[in-house]
Amino acid sequence: MNLVVEADGGSRGNPGPAGYGAVVKDADGQVLAEAADALGITTNNVAEYQGLIAGLRSALELAGDGATVEVRMDSKLVIEQMAGRWKIKNEGLRPLATEARDLARRLRVTWKWIPRERNRDADRLANEAMDAAARGTTWQGGTSPPASPRTTSGPPPGASALPSGEPGSIGDGTSAGQARVVAEKPRAASASGWTAASAATSFLLLRHGETPFSIDRRFSGTGDPELTATGLAQADAAAARLSRAPYAIDVIVSSPLRRARQTAEAVAARTGLKVAVEDGLREVDFGAWEGHTFTEIQRAWPDELAAWLADPSVTPPGGESFDQAAVRVQQARDRLLLDHQGKTVLVVSHVSPIKLLLSSALLAPLAALYRMHLDLAALSVIDYFPDGPQLVRTFNDTAHLR
């Protein structure tokens, strides 16, 4: 029996809420089985490998050991690594690659990279799974396969049934591919729709107060100005608000830059908490533009500024792009979520990192940064739920400054 496995995975934020999809087709292109699931917060590459594993399992359920399978994916990394042409440098991917390789050895597999537009079915399934998780539900769907010539129940011989919670499992100890081919088992979500039913990790995102650069509207990135007298008053007003109900801060984390630490320390003085520093929360590095006004930059670097305003991947001269900053900000976010699950975390940072976190939570493209405004000492709130969804509760709230 000749089969085609098309697989894909995605992460909205990379890392962010992720999911995978896989479809098994016959030689004529008829869909025989589908598999999909959400994965919580992880990376694109992990999701892509999980899609491959689910597709290979489904193929084994349909045709048994020794079947001829062409695996098609738009992930160059996964295809080249599985074909043995690229080394696996990310240790986090190695267990998934080993699992996929063990499944592939039971089949006669050829590996084929295809462009994204030819992988629409698997991509659709991955997005359906992520959308379902965002709603607090589980992906439902799939085409029931014909009875396997080898077995009618349980995982294929030699395939380990993973325990609940491990990669590839669906929580009941059965093969993920088989389970999703036939039907999805409903599971309790930690957040039902948009009403928080279980403990979320809450990020209270506070922008620092005014600095001399703020007054003159100068680009202020990795430079280290202090707060002005007004900035200190703004920080104290925020601290007074955040030290009262309904806020119950468990942890205070700050950018390493002085203006953010001064703002964080004002809250710490009222709450009795200590301030932890997270380097990933620092402002974007504006390079040669640091300390200049927009008008000055427009005069001296007109072409560079136009390109920067049009594309988040463009860097200021000698600086850092929003694309690059997004990676470290998301890594910092994931470290905080791992270390402070279920707690309320005050994150004191800068305009760009806060916008990046909000954009990711809203599943908005990075270009959305250009259409957001955050005031000095403004408060925004994001709730992160254990099963992946993120909920923006507050945006640019300055009630404490009035």
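Note that the structure is a prediction, hence the values are computed from the model and not measured.

Trainee: Even after reading the chapter, I still don't get the UniProt feature "active site" (unreviewed entry) in the chain, so can you show me in this structure?
Mentor: Per the UniProt record, "active site" (unreviewed entry) is found at H208 and E283. What stands out for the annotated residues spanning 76 residues is how close their C-alpha atoms remain, the widest pair being 10.9 Å apart. In this structure, the largest pocket is lined, among the annotated residues mentioned, by H208 and E283. With residues near it in sequence (within four places) discarded, H208 still touches L227, R259, A260, T263, S349, H350, L376 and A377. Within the secondary structure, E283 is located in the loop between β10 (275–277) and α9 (294–300).

Trainee: When you look at the side chain of N119 in this model, what are you seeing that I'm missing?
Mentor: Residue position: N119 is located in the loop between β5 (108–113) and α4 (120–134). Classification of N119 by relative accessible area gives buried; the value is 0%. Here D74 takes part through its side chain, which lies 3.0 Å from a polar atom of the side chain of N119. Ignoring anything within four residues of it in the chain, the contact list for N119 reads E6, A7, D8, R72, M73, D74 and I114.

Trainee: What's the story with the packing of helix α7 (residues 229–242) against helix α8 (residues 258–271) in this structure? I'm lost.
Mentor: The angle between the axes and the distance between the axes are what describe a pair of packed helices. The contact between α7 and α8 brings their axes to 8 Å, and the two run at 40°. When the interaxial angle is binned, α7 and α8 end up oblique. In this structure, α7 meets α8 at a crossing whose hand is right-handed. Contacts from L232, A235, D236, A239, A240 and L242 in α7 reach Q262, T263, A266, V267 and R270 in α8. Classifying every residue of the contact of α7 with α8 by side-chain character gives seven nonpolar, two polar and two charged.

Trainee: Help me out: how do you make sense of the sheet that holds strand β4 (residues 68–73) in this one?
Mentor: Two orientations exist for strands paired in a sheet by backbone hydrogen bonds: parallel and antiparallel. The five strands are arranged β3-β2-β1-β4-β5 in an open sheet whose pairing can be described as mixed. Taken across any chain shown, the strands that pair with only one partner, and hence form the sheet edges, are β3 (31–42) and β5. Direction aside, the axes of adjacent strands within the sheet are offset by 20° on average. Sheet topology places strand β1 (residues 2–11) next to β4; six bridges connect them, and they run parallel. Bridging from a neighbouring strand, A7 pairs with M73 of β4. Along the sheet, α4 contacts β1, β2 (16–26) and β3; its crossing angle with β2, the most-contacted strand, is approximately 140°.

Trainee: Looking at this structure, how should I read the packing of aromatic side chains?
Mentor: To describe a pair of aromatic rings, one takes the distance between the centres and the angle between the planes. Inspection of every chain in the model, using the stated rule, returns nine aromatic pairs. Grouped by ring-pair contacts, the aromatic residues F219, F286, W289, W301, W308, F322 and Y370 constitute a single cluster. Geometry around W113 places K76 over its ring, the cationic atom sitting 5.5 Å from the centre.

Trainee: What is the right way to read the environment of L242 from this model?
Mentor: If you trace the backbone, L242 turns up in helix α7. A relative accessible area of 3% places L242 in the buried class. Considered as a pair, L242 and L346 are 104 residues apart in the sequence and their alpha carbons are 9.0 Å apart. Those residues in contact with L242 that sit more than four places away from it in its chain are L204, L206, Y247, I249, V267, L346 and L379.

Criteria and cut-off values
Residues numbered from 1 in each chain as written. Predicted model: local features only at pLDDT ≥ 70, side-chain atom pairs only at ≥ 80, totals over all residues. Heavy atoms only, no water. UniProt positions renumbered as here; feature names shortened; annotations may be inferred. 1 Å grid on protein atoms, 1.4 Å probe; cavity = no way out; pocket = protein on both sides within 12 Å on 5 of 7 lines; lining within 4 Å. Contact = heavy atoms within 4.5 Å. Helix = DSSP H or I, 4+ residues; strand = E, 2+ residues; numbered from the N terminus. Buried < 20%, exposed > 50% of the residue type's maximum accessible area, 1.4 Å probe, protein only. Polar contact = N/O pair within 3.5 Å; in protein donor to acceptor, adjacent residues only side chain to side chain. Axes fitted to C-alpha atoms, helices over the stretch in contact; angles between N-to-C directions. Parallel < 35°, antiparallel > 145°, perpendicular 65-115°, else oblique. Left-handed = near helix turned anticlockwise from the far one by under 90°. Nonpolar A, V, L, I, M, F, W, Y, C, P; charged D, E, K, R; others polar. Pairing = 2+ DSSP bridges. Phe/Tyr/Trp six-rings, centres within 6.5 Å; stacked < 30°, edge-to-face > 60°. Lys NZ or Arg CZ within 6 Å of the ring centre and 35° of its normal.

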